[in-house]
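Chain by chain, the residues run as shown.
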Amino acid sequence: MIEELIRPEIRSFTPYNANQQPYKIKLDANESPFNLPLTVREKLSEFIKNDPQLNLYPDTDSIQLRKTISEHWDVDSEGIIVGTGSDQLIQVMTNVFIGVGDKILYPVPSFSMYRDSCLIAGGTPVKYLLNPEDGYEYSKETILEAYEKEQPKIIYICNPNNPTGNIMSVSDVIDVVKYCRKSIVVVDEAYGEFCDNTVIPYVKEYENLLVLRTFSKAYGLAGIRCGYSISCKKLASAVNLARPPYNISSLSQYIAQLILSDKEEINKNIEYLIEQREWMIGKLSNIKGVEVYKSYANFILVKVDNCNDVYNRLCEKGIFVRNFGLAPLLTGCLRISIGTNEQNSIFLDELSTICYNK
Ligand SMILES: *Cc1c(COP(=O)(O)O)cnc(C)c1O
């Protein structure tokens, strides 16, 4: 009976499946290998010891945190909305703009949330394809053509793209924003800290541009579930219409603020991960049967022979990576998050052993 009550467009969904088994090395979710900096931990324990006021609801508008973010980026805090992860902001945005008959335009292969949130809202997701033969490069022309044909309310650009690691140049993104005046262009910069390619300064100029950022990746705070959007004030007010009240816990608000005041440590971690990424790309390219894609993020996409077999054998060793082998346009692909040098080295050793002993 229950099954028949479920809306037809939801019936085919499978719950998000995160690998929960015991592991030795976890390189499957693009998390940071660096835990909360010691200075931040100390301030946090002071906060808890003193007067954390956890009996009260949090500030529903995250005012202090938004102020700190606005100073970090030199933008108006009225254009910032904070979400329980940027995931929540994708959902909220979709619920504000998309109903039955409305379309979104989204890249494939990319983050699955764009399509799923649209289906849940009853809208129609329309894909634009990234070509593996061209290293999954974005094509501005493809997006503009699809815009003319489909007239979507929202266009997504994941920049750098997850899981392929490539970027669209700032000038190309801005060309899309300028041309597609009747759509909201969402630029998901979840991995923006790992390259120097942000369109945040342009939100002042274009009212149809919204940028998504998160504390989950470069800031090493996936556990606090906190992300934010930056746009003009008008667009932010619209997104705010469907945001659930009290969506960010007091502790998450406080920790996110603290991390933004300790940029030195974070920047050091980011530099380290970028260095490791480049080192990994070199090493991976030398392994027989492995094809490596360039990356501007904290992960690397590789194409390997006998992908499922390689994946399973890594799992047996307690090394988790993300298997995209069966996903559209990602045949044979694994995504490896960048860890510490020690983790990366163990992974490379195991992968070489597997590839040379087939
Ligand atoms: C990880 C990720 C996010 C969001 O993460 P949150 O933890 O919900 O902030 C958004 N977009 C992309 C492409 C991601 O990979």
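Per an unreviewed UniProt entry, the chain goes by Histidinol-phosphate aminotransferase and derives from Ruminiclostridium herbifermentans. Annotation of the chain in UniProt includes, under Subunit (unreviewed entry), the sentence "Homodimer." For the chain, the Pathway (unreviewed entry) comment in UniProt is given as "Amino-acid biosynthesis; L-histidine biosynthesis; L-histidine from 5-phospho-alpha-D-ribose 1-diphosphate: step 7/9."

Below, the discussion takes up the overall build of the chain. Each helix and strand counted, the chain has 13 helices and 13 strands in total. Radius of gyration (C-alpha) of the chain: 21 Å, near the 21 Å computed for a compact globule of 358 residues. C-alpha extents for the chain along the principal axes are approximately 60 × 55 × 50 Å. Every one of the 358 residues in the chain was classed for burial, and the buried ones make up 52%. Within the chain, contacts between residues at least 6 apart in sequence are counted, and of these 71% link residues at least 24 apart. Taken as a whole, the chain presents about 17,300 Å² of accessible surface, with 50% of it coming from carbon and sulfur. Looking at charge distribution, the chain has the averaged site of its 37 positive side-chain charges lying 2 Å from that of its 45 negative ones.

The sites that carry the UniProt feature "modified residue: N6-(pyridoxal phosphate)lysine" (unreviewed entry) are, in the present numbering, Lys217. Of the residues examined, lysine 217 reaches a relative accessible area of 15% and is grouped as buried. With residues up to four places along the chain from it excluded, the contact list for lysine 217 reads Ala29, Asn30, Ser32, Ala190, Tyr191 and Phe194. At 3.1 Å, the side chain of lysine 217 and the side chain of tyrosine 191 are in polar contact.

For helix α9 (residues 233–240), the set of buried residues is Leu235, Ala236, Ala238 and Val239. Along the axis of α9, the buried positions cluster into a sector of 160°, meaning they face one direction only.

Reading the values: rules and limits
- Numbering of residues begins from 1 in every chain and follows the order in which that chain's sequence is written.
- Note on the predicted model: pLDDT of at least 70 is required for a residue's local features to be given, and 80 or more for side-chain atom pairs to be given and counted; whole-chain, interface and lining totals, by contrast, use all residues.
- Hydrogens and waters are ignored; side-chain quantities use all the structure's heavy atoms.
- UniProt positions are given in the numbering used here, feature names are shortened, and annotations may be inferred rather than shown by experiment.
- The helix count covers DSSP runs of H or I at least four residues long, the strand count covers runs of E at least two residues long, and both are numbered beginning at the N terminus.
- To get the radius of gyration, use the C-alpha atoms; to get the globule rule, take the number of residues to the power 0.38 and multiply by 2.2 Å.
- Under the scheme applied here, a residue whose accessible area is under 20% of the maximum for its type counts as buried, over 50% as exposed, and between as partly exposed, the area being computed with a 1.4 Å probe on protein chains only.
- Note on definitions: a residue-residue contact is assigned when non-hydrogen atoms from the two residues lie within 4.5 Å.
- Note on areas: Shrake-Rupley, 1.4 Å probe, and residue coverage restricted to the protein chains presented here.
- Lys and Arg are tallied as positive, Asp and Glu as negative. Neither His nor the chain termini are counted.
- Lys charges are placed at NZ, Arg charges at CZ, Asp charges at CG and Glu charges at CD.
- Think of a polar contact as two N or O atoms within 3.5 Å of one another; within protein, one of them needs to be a possible hydrogen donor and the other a possible acceptor, and neighboring residues in sequence only count if both atoms come from side chains.
- The directions from the helix axis to the C-beta atoms form the arc being described.

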